[in-house]
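Here's the letter readout for the chains.
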Amino acid sequence: MKKACKCAVAAAIIAFLVYNSIYFENLEDIKQQQRRETFNAAEYARDFWDNQLFSVLDQAVDVKELIELFNTNMNEAIKRYGKAPGVSRIYAYLINGNGTILTIAEDFLEISIREPQINPDIKITTGFYIPGNAVRDASGLIDVSEFSDTMKFNEISGEINKIVVKEVIRPFLDKKPQVGKTIRFLGATQVAQDATEETKFQVVEVVPIRLDLE
Amino acid sequence: MARRLLLFITVILLLTLLTFACKQKRKEQVDNEESEGKGKIAVVISTLNNPWFVVLGNTAKERAEQLGYEATIFDSQNDTAKESDHFENIIAGGYVAILFNPTDADGSIANVRKAKEADVPTFCIDREINANDVAVTQILSDNYTGCVELGQYFVKKMNRKGTYVELLGILGDNNTWNRSKGFHSVVDNYPELKMVSQQTAEFDRTKAMEVLESILQAHPQIDAVFCGNDAMAMGAYQALVAAGKADKVMVFGFDGAKDVIDSIHDGKIIATGMQFPKKMARMAAEQADEYIKGRRDFPQKVPVAVELVTEENVAKYTAYGRRSEQ
């Protein structure tokens, strides 16, 4: 009887210890976690640029039409063309158009898209680095909810911007653009929903995705 | 001896039965509350030692009460062990949802998972957890993008050159690094902007004052201090006043707290990133209500844009939000 009791107690203690020291996890969950840990933002951005972005470029809206809409009905512009990854007063847009170079500065080109070509309508970023998320957000292709932490989502934006500098801006600047020349552009811009509350919309700042001299 | 052993086994068996009974009772409590009234919502806040989080917690509580729930605030005091205790009590206490401001992006995951396993939905506010399959949704300040904008303004005010100090928040919090990396993604592109010291002050005003006082001993000639939150910005400003340097060193914060908005207005602080704690807290309470009513299609992460507040536009803002939205 004593022996049986001892065995039962030992079994209970062992069961208690084992239960509290071992836990089981789904193997697929572990693999998924490992995949997340090996995330490479540069590779993700490269795949986005080479294989995904082109699929939405035909959604780019004519910049003249968009500026007109900003000034007449901002809510309609947001509804039709604006994209934001969460809750924001700033929306991103894919735009295209052509215009005449008015100014070539260190970090940007000023472009006029209408006659008379006196005041700039567009400012195209041409600096050595690009801040912000215009291309990522305007594409609408990357969902923040895919990522276990938002830093990865942000790193992708940084890597996309590096591609823009290396593969769009530098080759374009190598062509030695000059004031008075016509350029064709497709790019991304971000505009606050209250941008036209006090004055009419002035200049659209564009992060280029495609830039060509005509 | 045999009787003692039998007694011991009996106690173990009773404890096991008691555990099952408690779980069953909690389930019944939840079922009863759902059928009788709207039930209780827990608001778990990382720390109430910072006015910004007090606003976050109080707004979540008020909105939950407006929606017909009984709401209680739990203060984790930036301690994951305390946070874990709160979750145990919340699960056992029959709460129907948790509005959760996590203490640690990794360390808090287990708590949310525990709640999920007990069928208590969790809605993260402001701070995220590094998992996208345990909380119902995470309503997060877009800290990185906010600090990109702040970094651009910093470069402009510094005229692209000078020395500065960075005060970091809690090292285990993603917000700390999202803010720091957003800021550096801009500022590090200017080689004449040199960071002479980067130290944590754990989002705490007093610690920020002490840390900056110590840094000023070694680097008395700095031009600016970038702080990961407004509490630290106010602490840094106090240290600069004490050192007689408040007029020479620019201070940048992040949050949109009342004292910093007032200080920007008075020209004492240069800029901050306005987060929207009231908006996020209300959203979390409303989404919890929708979840309880049956909605399930929530995006896992919802970034809420941060807005740059400077002397040029401070008139549009008040503490913790835009004047037009108060």
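Residues numbered from 1 in each chain as written. Chains lettered and ligands numbered in written order. Predicted model: local features only at pLDDT ≥ 70, side-chain atom pairs only at ≥ 80, totals over all residues. Heavy atoms only, no water.

1. A short note on the overall build of chain B
No. 1: Scanning chain B from terminus to terminus reveals ten helices and 14 strands.
No. 2: Taking all 326 residues of chain B together, the buried fraction comes to 56%.
No. 3: Of the accessible surface of chain B, which amounts to about 14,000 Å², a share of 51% is contributed by carbon and sulfur atoms. (Helix = DSSP H or I, 4+ residues; strand = E, 2+ residues; numbered from the N terminus. Buried < 20%, exposed > 50% of the residue type's maximum accessible area, 1.4 Å probe, protein only. Areas by Shrake-Rupley, 256 points an atom, 1.4 Å probe, with all protein chains shown as cover.)

2. Description of the side chain of Arg-127 of chain B
Residue and element names in this part refer to chain B.
No. 1: Assignment of secondary structure puts Arg-127 in the loop between strand S4 (122–126) and strand S5 (137–141).
No. 2: Residue classification places Arg-127 among the buried residues on the basis of a relative accessible area of 1%.
No. 3: In this structure the side chain of Arg-127 is engaged in a polar contact, spanning 3.2 Å, whose partner is the backbone oxygen of Pro-102.
No. 4: Filtering out sequence-adjacent residues up to four positions away, Arg-127 remains in contact with Ser-46, Phe-53, Asn-78, Asn-101, Pro-102, Thr-103, Leu-140, Ile-170, Asp-173, Asn-175 and Phe-203. (Polar contact = N/O pair within 3.5 Å; in protein donor to acceptor, adjacent residues only side chain to side chain. Contact = heavy atoms within 4.5 Å.)

3. Considering the interface of chain B and chain A
No. 1: Contact with chain B, which involves 39 residues of that partner, is made by 32 residues of chain A.
No. 2: For the pair chain B and chain A, the summed buried area comes to about 2,800 Å², and 58% of that belongs to carbon and sulfur atoms.
No. 3: At the surface where chain B touches chain A, the tally comes to three salt bridges.
No. 4: One salt bridge connects Asp-194 of chain A with Arg-322 of chain B, and the closest N-O pair in it is separated by 3.4 Å.
No. 5: For the pair chain B and chain A, the number of links is 14 residue pairs in polar contact (both at pLDDT 80 or more).
No. 6: For the side of chain B that touches chain A, the elements supplying multiple residues, two or more each, are helix H1 (2–36), helix H5 (143–157), helix H6 (174–187), helix H10 (277–292) and strand S11 (301–304) of chain B.
No. 7: Among the elements that line the side of chain B that touches chain A, the one with the most residues is H6 of chain B, at six residues. (Buried area = accessible area lost by both parts, 1.4 Å probe. Salt bridge = Lys/Arg side-chain N within 4 Å of Asp/Glu carboxyl O.)

4. Here's the deal with the pairing of strand S6 (residues 162–168) of chain B
All names here are of chain B.
No. 1: Most of S6 sits out of view: six of its seven residues are buried.
No. 2: Between the parallel elements S6 and strand S7 (residues 193–200), the chain passes through H6 in a crossover that is right-handed.
No. 3: Two strands pair when backbone bridges link them, and S6 and strand S8 (residues 224–227) are joined in this way by four bridges, in the parallel orientation. Paired with Leu-167 across the strands is Cys-227, a residue of S8. (Right-handed = clockwise from strand over helix to strand, strands pointing away. Pairing = 2+ DSSP bridges.)

5. Topic: the pattern of salt bridges
No. 1: Counting across every chain of the model gives 26 salt bridges over all chains.
No. 2: Between Lys-114 of chain B and Glu-88 of chain B there is a salt bridge; the shortest N-O distance is 3.1 Å. Taken together, the residues Lys-114 of chain B in helix H4 (residues 109–117) and Glu-88 of chain B in helix H3 (residues 80–92) connect sequence positions 26 residues apart.
No. 3: A salt bridge links Asp-289 of chain B to Lys-293 of chain B; the nearest nitrogen and oxygen atoms lie 2.9 Å apart.
No. 4: Residue Lys-293 of chain B is classed as exposed on the basis of its relative accessible area of 60%.
No. 5: Each of Arg-89 and Asp-194 of chain A together with Glu-307 and Arg-322 of chain B takes part in salt bridges that share partners, so that together they form one network.

6. Some points on the confidence of the model for chain B
No. 1: Mean pLDDT over chain B works out to 91, with 88% of the residues at or above the 70 mark.
No. 2: Contacts for the low-pLDDT stretch residues 30–35 of chain B, under 50 throughout, to residues beyond four places or in other chains number eight contacts. (pLDDT = per-residue confidence, 0-100.)

7. Considerations on unusual backbone geometry
Residues and elements named next belong to chain B.
No. 1: Not every positive phi belongs to a glycine, and Arg-160 is a case in point at roughly 70 degrees.
No. 2: Position of Arg-160 among the secondary structure elements: in the loop between H5 and S6.
No. 3: Phi is positive for Glu-202, close to 50 degrees, though the residue is something other than glycine.
No. 4: Along the chain, the position of Glu-202 falls in the loop between S7 and helix H7 (205–218).
No. 5: A residue is classified by how much of its surface remains accessible, and Glu-202, at 37% relative accessible area, is partly exposed.

8. Details of the sheet that holds strand S1 (residues 40–45) of chain B
All names here are of chain B.
No. 1: Across the sheet, six strands lie side by side as S2-S1-S3-S4-S5-S11; this open sheet has parallel pairing. Either end of the sheet is taken by a strand with one partner, and the two such strands are strand S2 (70–75) and S11. Averaged over all pairs of adjacent strands, the angle between their axes in this sheet comes to 15 degrees, without regard to strand direction.
No. 2: For S5 and S11, the ladder comprises four bridges, and the chain directions are parallel. If you follow Leu-140 over to S11, its bridge partner there is Pro-303.
No. 3: Contacts from H3 reach S1, S2, strand S3 (97–100) and S4, with the element oriented near 175 degrees to S1. (Axes fitted to C-alpha atoms, helices over the stretch in contact; angles between N-to-C directions.)

9. So, the state of the cysteines
Residues and elements named next belong to chain B.
No. 1: Under the counting rule described, the total for this entry stands at zero disulfides over all chains.
No. 2: Summary of cysteine pairing: Cys-147 is not part of a disulfide, and the nearest cysteine sulfur, belonging to Cys-227, is at 11 Å.
No. 3: The exposure class of Cys-227 is buried, given its relative accessible area of 0%. (Disulfide = S-S within 2.5 Å.)

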